[in-house]
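Spelled out from the first residue to the last, the chains are:
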Amino acid sequence: MCEPFIRNHQFNFIKKQAGILEQALKTNADPKVLESVRYSSESKISELFPDATDNQKQMLETIFKLKAAEDFQKHLKALEPHLMEFPPISAKQIQKLFPKNKKLKLPDLSAIDYRYVTYLSWVDIATNKLFIVYHLNGQFVGVEGKYTPTNKKGFCFLCNRYEELALFTAISKKRPTHTTPDYYKAVGNYLCMNGQECNKNLTDIASLEKFIDTVIG
């Protein structure tokens, strides 16, 4: 049995590339166009898994050799047992990430399918705060900030999909040298109102990690 090796955002990226090829097959694209799409998708997936074993490579490449559009969902389903879950985290661990929030309201951790999680997030309606938990460089980090629904659609800075947005504003812990004691810097970005949907759409973690670095240093 192959060990899980596909992270949620990587699985989403595979689905996206498979969807492009599936659409090309459905529209009876020119054979040269199909071959170009196949090559492009395979190359991008290969770059995403530079350390993949031969067995893993074969597993990933299979989907881009399909000839019938109806076979894609079946093969994507076959990859699901190889998804890496978001690392186990307890309520106590989360509370330690946000020590100033003595009455922190947590989501139901037992109801989450951690295979499809890149980052944990939830909103405390009472305080209009959004909390994000991410696993970075072997440890959990937490970011909290003001959560303001915009009542409009736009592109999420994390998943880059066109969705209902909220403005997330966090206070940066980074302090330039020689600043006054009352110095502070707010970092704001528009992200999906629905964190679960955002996790389904996320194909790249660069923006998330850059934002976290900006806030916590």
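Described below are features of the structure shown in this document. (Residues numbered from 1 in each chain as written. Predicted model: local features only at pLDDT ≥ 70, side-chain atom pairs only at ≥ 80, totals over all residues. Heavy atoms only, no water.)

Our next topic: the pairing of strand β2 (residues 129-136). Side-chain direction in a regular strand flips from residue to residue, so the side chains alternate between the two faces of the sheet. Across the eight residues that make up β2, a large majority, six, are buried. When strand β1 (residues 120-124) meets β2, the two strands line up antiparallel, connected through five bridges. Within the sheet, the bridge partner assigned to L120 lies in β2 and is V133. Where β1 hands over to β2, the hairpin turn is made up of four residues, of which N128 adopts a positive phi near 55°. Relative to strand β3 (residues 139-155), β2 runs antiparallel, the two being bridged by eight bridges. Within the sheet, the bridge partner assigned to K129 lies in β3 and is K146. (Buried < 20%, exposed > 50% of the residue type's maximum accessible area, 1.4 Å probe, protein only. Helix = DSSP H or I, 4+ residues; strand = E, 2+ residues; numbered from the N terminus. Pairing = 2+ DSSP bridges.)

Here we come to the side chain of N101. By secondary structure assignment, the location of N101 is in the loop between α5 (91-97) and β1. A polar contact of 3.0 Å, which involves the side chain of N101, links it to the side chain of E144. If near-sequence neighbours (up to four positions away) are discounted, N101 is found in contact with K129, F131 and E144. (Polar contact = N/O pair within 3.5 Å; in protein donor to acceptor, adjacent residues only side chain to side chain. Contact = heavy atoms within 4.5 Å.)

Moving on: helix α7 (residues 206-216). Of the residues making up α7, those classed as buried are L208, F211, I212 and V215. Taken around the axis of α7, the buried residues stretch over an arc of 100°, which confines them to a single face. The elements touched by buried residues of α7 are β2, β3, β4 (162-171) and β5 (186-192). (Arc of directions from axis to C-beta.)

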